[in-house]
Amino acid sequence: FLSACNEETHTNRIYVFSQPGCGHCINAHEYMSRYYKDYDIKELNIREGANMNYMVRYAKRFKIPSNSLGTPFIVLGDNYVMGWVKSKLKNLINI
């Protein structure tokens, strides 16, 4: 599913790593659903299956220490946004 961790991520696919009870994740989900309709958004609950491992693999790819990880963690191509920062999400496709 996420072989992209080792390869280049699809340019129109956005991975959103989140978890239940995360208010910032809900905000990011609502924002992404509204403004990124032309993108293939894959939401991954880090408490299910191997999703946490996938998030850690992406973190390593971006050289983010695992003890600094948080949700939401959003990946688009070679760019990422961690946390709920509307201005960064707004600029994600323009980076």
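Provided above is the structure to which this section pertains.
Read on for an overview of the structure. (Residues numbered from 1 in each chain as written. Predicted model: local features only at pLDDT ≥ 70, side-chain atom pairs only at ≥ 80, totals over all residues. Heavy atoms only, no water.)

Some thoughts on the nonpolar core
To be explicit about the condition: Side-chain atoms within 4.5 Å link the members of a nonpolar core, which is a set of buried Ala, Val, Leu, Ile, Met, Phe, Trp, Tyr and Cys residues. Here the term buried applies to any residue with accessible area under 20% of the maximum for its type, exposed to any over 50%, and partly exposed to those in between, with areas from a 1.4 Å probe on protein chains only. Every helix listed is a DSSP run of H or I at least four residues long, and every strand listed is a run of E at least two residues long, numbered separately from the N terminus.
Counting 13 residues, the largest nonpolar core has F17, Y58, F73 and V75 as the members making the most contacts within it. Every element with two or more residues in this core is listed here: β1 (13-18), α2 (51-61) and β3 (73-76). Take this core: its biggest share by element is four residues, from α2. Grouped together as the second largest cluster of nonpolar side chains are 11 residues, V16, M32, I74 and L76 included.

Digging into the state of the cysteines
For clarity, the threshold we go by: Disulfides are defined as pairs of cysteine sulfur atoms found within 2.5 Å of each other.
Going through the model one piece at a time under the given rule, you end up with one disulfide. A disulfide bridge connects C22 with C25, and the sulfur atoms are separated by 2.4 Å. Taking the sign of the S-S torsion, about 75° here, the bridge from C22 to C25 comes out right-handed. In this structure, C22 and C25 share a single accessibility class: buried.

Let's talk about unusual backbone geometry
Of the consecutive residues T71 and P72, the connecting peptide bond is found in the cis state with omega at -5°. Looking at where P72 falls in the secondary structure, it is placed in the loop between α2 and β3. Located in the positive-phi region is K63, a residue other than glycine, with phi close to 60°. Among the secondary structure elements, K63 is positioned in the loop between α2 and β3. Relative accessible area serves as the criterion here: at 72%, K63 is assigned to the exposed category.

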